[in-house]
Amino acid sequence: MKFKPELSVNQNIELPFKSSVSLHLKREDLIHPIISGNKYRKLKYNIAFAEQHNHDTLLTFGGAFSNHIAATAEAGRVFGFKTIGIIRGEELRDKISDNPTLKFAQSCGMTFKFISRELFRLKGTQSILDKLKREFGDFYQIPEGGTNDLAIKGCEEILTKADDHFDYICSSVGTGGTLAGLINSSGINQQVLGFSALKGDFLKEDISKFAKQKNWQLITDYHFGGYAKINTDLVSFINTFKKQHNIALDPVYTGKMMFGIFELIQSGFFKPDSKILMIHTGGLQGIVGMNKRLKQKQQQLIL
């Protein structure tokens, strides 16, 4: 399996309304079908570290439809690691076959341990990690969402010299690692905007731990009710965008960012004649699971 970060081209996006700003989308989703976008960037140096230190097992954490769980499972299959997924929600133990993300991860060879939501909140504590080592033996631990110092290093490589002329760099935000990497590699005259997929502004503190510059802002108005929450307006926007540009957007991250950017352009948020670069962070595997939920509710599906 070949990884081709050079396929991450900047694609011009024509706006469906009149505006002086120009819009480009960095196609990080083209790097790999599953280990795509920021997941490739975050795993790159973590995989290298695990190999260098002779680890044969990767252990990480995630929810039922986690892009990170799917990407880690695929990375394990590709690079020859055993993988263990600590999954939030004990009720999912008997529902693997009904969950596209977990079913895929299992097909890659990932072993699951399902824990309660209360215990999952303690996942980073030493006592929990010690218990997991007693159960599974030695492993290389990657945090939920993949964010650590090595992940930031990988995300710092998203921007290149060719991106220096953009006034704004925009990305969706889950754990904050991708945005921190973009902040660290951005130019002094560039403004970095993070569109939070989670409700609340608590991510500011997490981003600040890794960010080396102050040229950023967290936009918290486009979470659509919280993580993995969507509505018919968002689904219609994603489908219209796909028809107009032949580019799929995931409903958890990039779709919400794109919706927010279009709305902010129309409201005059961006300076006239601004050049905006948006990062497509991949995560398209989540569309299947979201459509399953939408179908159960007899709602419009994502194209």
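Remember, predicted model here, so these are calculated numbers, not experimental data. (Residues numbered from 1 in each chain as written. Predicted model: local features only at pLDDT ≥ 70, side-chain atom pairs only at ≥ 80, totals over all residues. Heavy atoms only, no water.)

Draft legend 1. Up close: the environment of Gly37. Note that Gly37 resides in helix H1 (residues 37-52). As for Gly37 and Gly283, which are separated by 246 residues in sequence, their C-alpha atoms are 7.4 Å apart. Once residues lying within four places of it in the same chain are set aside, the contact partners of Gly37 are Glu28, Asp29, His280, Thr281 and Gly282. (Helix = DSSP H or I, 4+ residues; strand = E, 2+ residues; numbered from the N terminus. Contact = heavy atoms within 4.5 Å.)

Draft legend 2. How the structure looks around the pattern of salt bridges. Per the stated rule, a full pass over the model turns up 10 salt bridges. The closest approach of N and O atoms between Asp29 and Arg27, which form a salt bridge, is 2.9 Å. Like Arg27, Asp29 is buried. Across the pair Glu28 and Arg41 runs a salt bridge, and its minimum N-O distance is 2.7 Å. In this pair, Glu28 sits in the loop between strand E2 (22-26) and H1 while Arg41 sits in helix H1, placing the two residues 13 residues apart along the sequence. Comparing Glu28 with Arg41, the two get one shared label, buried. Sharing partners across several salt bridges, the network here consists of Arg88, Lys123 and Glu144. (Salt bridge = Lys/Arg side-chain N within 4 Å of Asp/Glu carboxyl O. Buried < 20%, exposed > 50% of the residue type's maximum accessible area, 1.4 Å probe, protein only.)

Draft legend 3. Structural view of the pairing of strand E5 (residues 111-115). Note: strand E4 (residues 82-88) against E5, five bridges, orientation parallel. Within E5, the residue paired with Ile84 across the bridge is Thr111. Viewed along the sheet, the connection from E4 through helix H3 (residues 100-107) into E5 turns out right-handed. (Pairing = 2+ DSSP bridges. Right-handed = clockwise from strand over helix to strand, strands pointing away.)

Draft legend 4. Looking closely at helix H10 (residues 254-266). Helix length check: H10, at 13 residues, gives a terminal C-alpha distance of 19 Å against a target of 18 Å (1.5 Å per residue), a fit within 8%. All of the buried residues in H10 are Thr254, Gly255, Lys256, Met257, Met258, Phe259, Gly260, Ile261, Phe262, Leu264 and Ile265. Buried residues belonging to H10 abut E2, strand E7 (168-173), strand E8 (191-196), helix H9 (232-245) and strand E10 (275-279). Among the residues trailing H10, Gly268 stands out with phi positive, at a value near 85 degrees. (Expected span 1.5 Å × (residues − 1).)

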